[in-house]
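# Per-entry structural report
Residue-level listing of the chains:
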Amino acid sequence: MADPESARDALTFAGRAAHIGDEGVRLRATGGTLVMTAAALAPRGLLDRTPTVLAMRILHADPQLECDFVVTELSASDRDDAVTLPDSAISPAWAGVAPPQGGWEKTAEIDSSTLASRAQWGIAAVAHQVPTDAGDDAVRAVRGSVWGAPDDDLDGLPLGVAFAALSFGFIGGSERVPVFTAGRWTRLSLRRGHVLSRGPAASGLTSVRRTGA
């Protein structure tokens, strides 16, 4: 990394990602910048309607570092300006769906306090709905139904964007959070990091349309 602070930041982000799930952290570095991305929510299978919600943190890295892979964890190094990688990488499905690099347009603003309160509400809702001794599939179904639901207080965005902002420590005070869109993607840009959401693809049949003369 470029300095000890960036190394500590990378370890903190990876630790939060590991606490939320087991889908790993994507590391993309070039030109002295490291982009760390992790999935707060991601669908599994074609019938899973859970939206993709990613947390992103951009850090300073050694200009010579060039990489793009996903790892399960990061650990401390003997050097205070470096981190240690595991022996192998992984290939989660969410890492194959990258948000666009350009074409973003600002569409709204959301207060950070609204994100925090809606996240707390969702956490309570999940805890209330999860059955006792529930298996992984049941827990995942409840989490998907709560965090994937559009929320009026968030301008129709899935409640999971608030969950990601809170869980990854991006809410650090009062701020107006700009909301950008590009195609099916939405990005919330907080001072401490970004939350990106990709809605599910449209399904079903269109209405009958007239053809011919």
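Residues numbered from 1 in each chain as written. Predicted model: local features only at pLDDT ≥ 70, side-chain atom pairs only at ≥ 80, totals over all residues. Heavy atoms only, no water.

## A short note on the packing of helix H2 (residues 112-129) against helix H4 (residues 160-167)
Put simply, H2 and H4 touch, their axes get as near as 8 Å, and they point 105° apart. For the element pair H2 / H4, the angle class is roughly perpendicular. Facing Leu115, Arg118, Ala119, Gln120 and Ile123 of H2, the residues of H4 in contact are Ala162, Phe163, Ala165 and Leu166. Per-class residue counts for the contact of H2 with H4 are seven nonpolar, one polar and one charged. (Axes fitted to C-alpha atoms, helices over the stretch in contact; angles between N-to-C directions. Helix = DSSP H or I, 4+ residues; strand = E, 2+ residues; numbered from the N terminus. Parallel < 35°, antiparallel > 145°, perpendicular 65-115°, else oblique. Contact = heavy atoms within 4.5 Å. Nonpolar A, V, L, I, M, F, W, Y, C, P; charged D, E, K, R; others polar.)

## Brief notes about the pattern of salt bridges
Between side chains of opposite charge, a pair can form when the charged atoms approach closely. The tally for this structure, following the rule as stated, stands at seven salt bridges. One salt bridge in this structure joins Lys106 and Glu109, with 2.8 Å as the shortest N-O distance. Judged by its relative accessible area of 35%, Glu109 is partly exposed. Across the pair Asp153 and Arg118 runs a salt bridge, and its minimum N-O distance is 3.7 Å. With a gap of 35 residues between them, Asp153 in the loop between helix H3 (136-147) and H4 and Arg118 in helix H2 connect regions that are remote in the sequence. Linked by salt bridges that have partners in common, Lys106, Glu109 and Arg176 make up one network. (Salt bridge = Lys/Arg side-chain N within 4 Å of Asp/Glu carboxyl O. Buried < 20%, exposed > 50% of the residue type's maximum accessible area, 1.4 Å probe, protein only.)

## As for the layout of surface pockets
It is the rolling of a water-molecule-sized probe over the atoms that shows where space remains empty. Considering only enclosed or pocket space, the largest pocket measures out at about 490 Å³ in volume. Lining the largest pocket we find 17 residues, and of these Ile20, Gly21, Arg44, Arg140 and Arg143 sit closest to its centre. Elements with a minimum of two residues in the lining of the largest pocket: helix H1 (4-20), strand S2 (33-41), H3 and H4. If one sorts the elements of the lining of the largest pocket by residue count, H3 sits on top with five residues. In terms of residue class, the lining of the largest pocket is built from seven nonpolar, three polar and seven charged. (1 Å grid on protein atoms, 1.4 Å probe; cavity = no way out; pocket = protein on both sides within 12 Å on 5 of 7 lines; lining within 4 Å. Points joined across faces, edges and corners; volume = space filled by probe spheres on them.)

## Observations concerning the environment of Leu159
Assignment of secondary structure puts Leu159 in the loop between H3 and H4. A residue is classified by how much of its surface remains accessible, and Leu159, at 2% relative accessible area, is buried. Linking Leu159 and Asp136, residues 23 residues apart in sequence, is a C-alpha distance of 21 Å. Setting aside anything within four residues of it in sequence, one finds Leu159 in contact with Arg118, Trp121, Gly122, Val146, Trp147, Ala149, Asp151 and Leu154.

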